Amino acid sequence: MSILDALLVGSAMMPERYKQLGVEEMERRVRDIKLKFGSRLLIPGHHYQKDEVIQFADITGDSLQLAQQITDAEYIVFCGVHFMAETADMLSAPSQTVVLPDMRAGCSMADMANMQQTEAAWERLQAIYGDTIIPLTYVNSSAEIKAFVGRHGGATVTSSNAKGVLEWAFKQKERILFLPDQHLGRNTAYELGIPLHDMAVWDPEGNELVTDRENVQGIQVILWKGHCSVHEKFTVDNIRSIRERDSEVQIIVHPECSREVVELSDYAGSTKYIIDTINAAASGTKWAIGTEMNLVNRIIHTHSDKQIESLNPHMCPCLTMNRIDLPHLLWSLEQIEAGKPVGVITVPDSIKVDAIKALDRMLNIQ
């Protein structure tokens, strides 16, 4: 059973009455609680959150950025998904309480790598390659997977620092096992000059290495067969359609997109990179952005001097991230006010120790 499964067992569900409340009343009640608690309460909000939630965020950013900005607040109501709240708990003090407003707010990518699969893969890969592999994991993974990586000398990565961490990893071992997002791993390794032919995919369902190479000893990067359900929906056809319609549109995408999409785009980078690039762009420029729809809509709203659109006009927001809504935020805050917090995230020390090793290794890489 994963940490999330254990937390979900017997976890409280938001009462139906919250769904009947008017928006103005909910907003007023949230503001009142924030005012009452002051610095004792911190609400971090991920970039992909709905506007109805992000308006109350004390800090905004990507997952690791938010966890690193945790203050000494007594209560941290993390508006994101479960792996982000886990990281916040690991990086906060024992006296602090981390709350996830809806315990169903998971991450499909993080769920694509569980401990049973990972241990089985490691055993098979050790039999093939011996002690020549170092594991890396995207921060978009469970605390258990981070701990596995930490135990085996590896580190976490973000979309911002993946290149530097891979360079570090290749100085440690001959090969890399990259969990759980194959696209970020492939795009980063390719940027470092690793040929696609020297990469293989590990299929956790079949517990096998997928490659067209006869000599598997030539493989340098083993990519876990996982992906972001949002970013994988941006396609080559989306790019071609925009290019044919207007050649002046510049295309910028997240590296969780497929290799083919990144290859055809003008720019690719982390969420922060996308935001910074649009902020610095000249007025009148045209952009198509390949990332989560809530963020794209927010960028469109704040940059009326530029022509901005989603790379895929039929995209929907991240469904799991959007389980955090205004009713759940209010409910979680009122439970804290009543002294009965729900959705409390607590990573066991046995997992936390090794997971922090993986995080620290990343943070210490220059």
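Computed from a prediction, not measured in an experiment: that's the story for all the values here. (Residues numbered from 1 in each chain as written. Predicted model: local features only at pLDDT ≥ 70, side-chain atom pairs only at ≥ 80, totals over all residues. Heavy atoms only, no water.)

**Side note on the confidence of the model for the protein**
When pLDDT is low, close inspection of the predicted coordinates is not appropriate.
Phase 1 of the analysis: Mean pLDDT over the protein works out to 93, with 97% of the residues at or above the 70 mark.
Phase 2 of the analysis: Below a pLDDT of 50 lies the segment residues 6–10, which in the model reaches seven contacts outside its immediate sequence neighbourhood of four places, other chains included. (pLDDT = per-residue confidence, 0-100. Contact = heavy atoms within 4.5 Å.)

**Observations regarding helix H14 (residues 326–337)**
The α-helix winds at 3.6 residues per turn, so residues separated by three or four positions along the chain end up facing the same way.
Phase 1 of the analysis: Its twelve residues place the ends of H14 16 Å apart at the C-alpha level, agreeing with the 16 Å of an ideal helix rising 1.5 Å per residue.
Phase 2 of the analysis: Most of H14 is tucked away: eleven of the twelve residues are buried.
Phase 3 of the analysis: For H14, the complete set of buried residues consists of Leu326, Pro327, His328, Leu329, Leu330, Trp331, Ser332, Leu333, Glu334, Gln335 and Ile336.
Phase 4 of the analysis: On its buried side, H14 packs onto helix H2 (23–37), strand E1 (41–42), helix H3 (51–54), strand E4 (75–77) and strand E5 (97–99). (Helix = DSSP H or I, 4+ residues; strand = E, 2+ residues; numbered from the N terminus. Expected span 1.5 Å × (residues − 1). Buried < 20%, exposed > 50% of the residue type's maximum accessible area, 1.4 Å probe, protein only.)

**Concerning the pattern of salt bridges**
Phase 1 of the analysis: By the definition in use, this model includes 25 salt bridges.
Phase 2 of the analysis: The partner of Glu174 in a salt bridge is Arg175, and the shortest N-O contact between them spans 3.7 Å.
Phase 3 of the analysis: Accessibility expressed as a relative area gives 6% for Arg175, which makes it buried.
Phase 4 of the analysis: For the salt bridge of Lys272 with Asp276, the shortest nitrogen-to-oxygen distance reads 2.7 Å. Of the two residues, Lys272 and Asp276 both sit in helix H12 (residues 271–280), four residues apart, roughly one turn of that helix.
Phase 5 of the analysis: One network of salt bridges, with partners in common, ties together Glu119, Arg151, Asp354 and Lys357. (Salt bridge = Lys/Arg side-chain N within 4 Å of Asp/Glu carboxyl O.)

**Here we look at the packing of aromatic side chains**
Phase 1 of the analysis: Scanning all chains against the criterion turns up three aromatic pairs.
Phase 2 of the analysis: Aromatic side chains Phe37 and Tyr75 sit 6.1 Å apart centroid to centroid with 80 degrees between the ring planes, which places their arrangement in the edge-to-face category. Residue Phe37 is located in helix H2, and its partner Tyr75 is located in strand E4; the two are separated by 38 residues in the primary sequence. Tyr75 matches Phe37 in its accessibility class, with the two residues each being buried.
Phase 3 of the analysis: Ring plane angle 40 degrees and centroid distance 5.7 Å describe the contact between Tyr267 and Trp287, whose orientation is recorded as tilted. Here the residue Tyr267 occupies a position in strand E13 (residues 267–268), and Trp287 occupies one in strand E14 (residues 286–290), the gap between them amounting to 20 residues.
Phase 4 of the analysis: Relative accessible area serves as the criterion here: at 31%, Tyr267 is assigned to the partly exposed category. (Phe/Tyr/Trp six-rings, centres within 6.5 Å; stacked < 30°, edge-to-face > 60°.)

**Considering H2**
Phase 1 of the analysis: Between the first and last C-alpha of H2 there are 21 Å, a value that for 15 residues agrees with the 21 Å anticipated at 1.5 Å per step.
Phase 2 of the analysis: In this structure, the buried side of H2 is in contact with E1, E4 and H14.
Phase 3 of the analysis: Phi for Gly38, located one or two positions after H2, is positive at around 55 degrees.

**As for the UniProt feature "binding site: [4Fe-4S] cluster" (unreviewed entry) in the protein**
Phase 1 of the analysis: Under the UniProt annotation, the feature "binding site: [4Fe-4S] cluster" (unreviewed entry) is placed at Cys107, Cys228 and Cys318. For this annotated set, covering 212 residues, all C-alpha atoms fall within 9.6 Å of each other, a compact arrangement in space. Residues that both appear in the annotated list above and line the largest pocket are Cys107, Cys228 and Cys318.
Phase 2 of the analysis: For Cys107, the position within the fold is in the loop between E5 and helix H6 (115–129).
Phase 3 of the analysis: Apart from residues no more than four positions distant in its own chain, Cys107 is found in contact with Val81, His82, Phe83 and Thr320.
Phase 4 of the analysis: Topologically, Cys318 is positioned in the loop between strand E15 (307–310) and H14.
Phase 5 of the analysis: For Cys318, the contacting residues outside a window of four places in its chain are Val230 and Glu292. (UniProt positions renumbered as here; feature names shortened; annotations may be inferred. 1 Å grid on protein atoms, 1.4 Å probe; cavity = no way out; pocket = protein on both sides within 12 Å on 5 of 7 lines; lining within 4 Å.)

**Section: the environment of Leu177**
Phase 1 of the analysis: Within the element layout of this structure, Leu177 appears in strand E8 (residues 175–179).
Phase 2 of the analysis: Excluding its chain neighbours within four sequence positions, the residues that come into contact with Leu177 are Trp122, Leu125, Ile133, Ile134, Pro135, Leu136, Ile222 and Trp224.

**Digging into the layout of surface pockets**
Phase 1 of the analysis: Of the voids in this model, the largest pocket is the one considered here, and its volume is about 450 Å³.
Phase 2 of the analysis: Every residue lining the largest pocket is counted, 31 residues in all, and those nearest its centre are His46, Ser63, Tyr138, Asn140 and Glu256.
Phase 3 of the analysis: Taken together, the residues of the lining of the largest pocket break down into 13 nonpolar, 15 polar and three charged. (Points joined across faces, edges and corners; volume = space filled by probe spheres on them. Nonpolar A, V, L, I, M, F, W, Y, C, P; charged D, E, K, R; others polar.)

**Here we look at the pairing of strand E11 (residues 221–224)**
Phase 1 of the analysis: The alternating pattern of E11 places Val221 and Leu223 and Ile222 and Trp224 on opposite faces, both of which are buried.
Phase 2 of the analysis: Pairing analysis gives three bridges linking E8 to E11, with the strands arranged parallel. Among the inter-strand pairings, Phe178 is bridged to a residue of E11, identified as Leu223.
Phase 3 of the analysis: As paired elements, strand E9 (residues 199–203) and E11 share four bridges and run parallel to each other. Bridged to Trp202 within E11 is Trp224. (Pairing = 2+ DSSP bridges.)

**Describing the sheet that holds E5**
Phase 1 of the analysis: Pairing within the open sheet is parallel, and its three strands lie in the order E1-E4-E5. Lying at the two open borders of the sheet, with one neighbouring strand each, are E1 and E5.
Phase 2 of the analysis: For E1 and E4, the ladder comprises two bridges, and the chain directions are parallel. Residue pairing in the sheet places Leu41 in a bridge with Tyr75 of E4.

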